[in-house]
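Descriptive analysis of the structure
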Amino acid sequence: MRRAKLPMFLTALTAVIAGVTTVLAPTAASAAGTGENCTTDAKLVPSCGVMWGGAAGGFTSKPRDLEHRNWEKLSGRTATIFHTYHKGDEPFPTKAEIAMTNDPAKPRVLLLNWKIAYGSNWAKVARGEQNKRIDAFAQRIKAYDKKVFLVLNHEPENDVVARKGSGWEAKDFAAMYRHTIQRLRAQGADNVVNVMAYMGNEKWMAQSWWKDLYPGDDVVDWIGLDSYVSVEKGYYHYGTFGDLLDRKPKGGGLGFYEWATTKHTGKPIMVAEWGGYHRIGRTTDKTAVYDSVLPQLAKRPAIKAIVHFDTKHDDQGNRDISIDSTPASLAAFRKLAAAPIFNVKLG
């Protein structure tokens, strides 16, 4: 989550479950209406329902595992996807992260966010100058021997330097991504399921280079989106869950969800970061955002996972994206979290 991208029961549950499972191989469990038989496949795509996740404790020094467990208690549901962030040569998965996925009572899968080019640049990674870094991760993740989601440099739009030779051009990102995934695969790190995570901001989507970021369907397992909405009427990116999915390039073009589902048909979509925010000191109820999630998922069958980013303040210190900023907001979020559509078991 970065400032630039924040720049912010269904009674017919059977219809929800059926709608959410039309893209990828519907099963009998899809129509069961309970979600209890939904499981994940080799690419962690659920057979029905939607995976539920969280990233808690952002922009604090508190341990992420502790914050994740506290957030689960607050929200009322185990967050199956545990989202963490790393850069450069940091050794991960960490002992704490591994322990979080070894809890039989609360099954979880890691969503590891890695800025592999830290201290370098995308072009250098693509040329092989960080192969030692990639190889070290490959050995660690193979030893871990469980499925993991891996995001390489989430929200790359914000890091692009559109100048020839900068090493940070959009085409450099795509080359870096391809090189890293192909090298991991060549070394047998087949437990890595990668996610290409965009900001999906209309400013960036309108740039001529935006299309050059995509590294290719052969090296992308999931398409991700990190996007937020304001709950303050009239404030930047005011809206509900559907609004964060449909932002279009300035000047016209496809909204993000439509782009992903028409240009990359069959790719599962992860809302890898989402939330509703208000400015600190302007506390506003977030119920409308949380109440809008299930109806939107019913209309968006390609969305197979959603991961809430929870923090009392953003990287600029002035936006609250927590689920408990008001009692009504927390009640609405707990109601959302309790929905059977999120009863997905790790396969």
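Bear in mind the structure is a predicted one, so any value in this text is a computation, not a measurement.

What to know about the pattern of salt bridges
With the rule as written, the count across this model stands at 13 salt bridges. Across the pair R69 and D65 runs a salt bridge whose closest N-O atoms are separated by 3.8 Å. Placement of the pair is R69 and D65 together in helix α2 (residues 64-75), with a separation of 4 residues, close to one helical turn. Taking relative accessible area as the criterion, R69 reaches 33% and is therefore assigned partly exposed. Taking the relative accessible area as the measure of exposure, D65 reaches 18% and is therefore buried. Between D324 and K312 there is a salt bridge, with its nearest N and O atoms 2.8 Å apart. With a gap of 12 residues between them, D324 in the loop between β10 (319-320) and α12 (327-337) and K312 in the loop between β9 (303-310) and β10 connect regions that are remote in the sequence. Overall, the relative accessible area of 28% leaves D324 in the partly exposed class. K312 sits in the partly exposed class, given a relative accessible area of 42%. Taken together, the salt bridges that share partners define one network made up of K43, R185 and D221.

Overview of the pairing of strand β3 (residues 81-87)
Summarising burial for β3: 5 of the 7 residues are buried, a large majority. Inspection of the sheet shows strand β2 (residues 51-56) paired to β3 by 2 bridges, in the parallel sense. Each bridged residue has a counterpart across the sheet, and for G54 the counterpart in β3 is F82. Once the chain exits β2 it traverses α2 before rejoining the sheet at β3, and the crossover so formed is right-handed. A crossover connection joins β3 to the parallel strand β4 (residues 109-115) through helix α3 (residues 95-100); in handedness this β-α-β unit is right-handed.

Overview of α2
Relative to the 16 Å expected for 12 residues at 1.5 Å per residue, α2 spans 16 Å between its end C-alpha atoms, a close match to the ideal helical length. Taken together, the buried positions of α2 are D65, E67, H68, W71, E72 and S75. Along the long axis of α2, the arc covered by the buried residues comes to 160°, so they all point the same way. In this fold, the buried residues of α2 make contact with β2, β3, α3, β9 and α12. Following α2 by one or two positions, G76 adopts a phi angle in the positive range, close to 90°.

Observations concerning the nonpolar core
Ranked by internal contacts, the top residues of the largest apolar core, which has 74 residues, are W274, I306 and F342. Per-element accounting of this core gives the leading share, 6 residues, to helix α6 (residues 170-186). Not counting residues up to four positions away in its chain, the partners in contact with F342 are V50, W52, R77, L294, L297, I306, L336 and A337. Core analysis: the next-biggest nonpolar cluster, separate from the first, contains 19 residues, C38, C48, V151 and A272 among them.

Considering the packing of helix α5 (residues 131-144) against α6
Between two packed helices, the angle of one axis relative to the other and the distance separating the axes together describe the packing. Following both chains from N to C, one finds α5 and α6 inclined at 45°, their axes separated by 10 Å at the closest point. Comparing the axis directions of α5 and α6 gives the class oblique. You can see that α5 and α6 cross each other, and the crossing is right-handed. Together, N131, I134, D135, F137 and A138 of α5 and H179, T180, R183 and L184 of α6 make up the contact between the two elements.

Structural notes on the layout of surface pockets
Here the second largest pocket defines a volume of roughly 220 Å³. If you trace the second largest pocket, you find 15 residues lining it, with A56, G57, E67, D310 and K312 closest to the centre. Class assignment for the residues of the lining of the second largest pocket results in 3 nonpolar, 7 polar and 5 charged.

Rules used in this analysis
All chains use their own residue numbering, which begins from 1 and follows the written sequence. Restriction of local features to residues with pLDDT of at least 70 applies here, the model being predicted, together with a cutoff of 80 or more for giving and counting side-chain atom pairs; totals for whole chains, interfaces and linings are based on all residues. Water and hydrogen atoms were dropped before computing side-chain values, which therefore reflect all heavy atoms in the structure. Throughout this description, the term salt bridge denotes a Lys or Arg side-chain nitrogen within 4 Å of a carboxyl oxygen of Asp or Glu. Only DSSP runs of H or I reaching four residues or more are called helices, and only runs of E reaching two or more are called strands; each is numbered from the N terminus. Think of it in three bands: with a 1.4 Å probe and only protein chains considered, a residue is buried below 20% of the maximum accessible area for its type, exposed above 50%, and partly exposed in between. DSSP calls a pair of strands paired once it identifies at least 2 bridges connecting them. A clockwise course of the path from the first strand over the helix to the second, judged with the strands pointing away from the viewer, identifies a crossover as right-handed. Any helix carries an expected span of 1.5 Å times its number of residues minus one. Note that the arc is computed from the directions linking the helix axis to the C-beta atoms. Contacts were defined at the residue level, with two residues in contact if any of their heavy atoms lie within 4.5 Å. Residues grouped as a nonpolar core are buried Ala, Val, Leu, Ile, Met, Phe, Trp, Tyr and Cys residues, joined through side-chain atoms within 4.5 Å. For every element, the axis is a line fit to its C-alpha atoms; helices are fit only across the contacting stretch, and the angle between N-to-C directions ranges from 0 to 180 degrees. These descriptions rest on fixed angle ranges, namely under 35 degrees for roughly parallel, over 145 for roughly antiparallel, 65 to 115 for roughly perpendicular, and the rest for oblique. Working rule for handedness: look at the near helix, and if it is turned counterclockwise from the far one by less than a right angle, call the crossing left-handed; if clockwise, right-handed. A pocket, in this scheme, is an open set of points on a 1 Å grid over the protein atoms alone with protein on both sides within 12 Å along at least 5 of 7 lines, while a cavity is a set where a 1.4 Å probe fits but cannot get out; residues line either one if an atom lies within 4 Å of a point. Grid points are joined across faces, edges and corners, and a volume is the space filled by probe spheres set on the points. Any residue outside Ala, Val, Leu, Ile, Met, Phe, Trp, Tyr, Cys, Pro, Asp, Glu, Lys and Arg is labelled polar, Gly included; the first ten of those are nonpolar and the last four are charged.

Distances and angles like these do not, on their own, reveal function.
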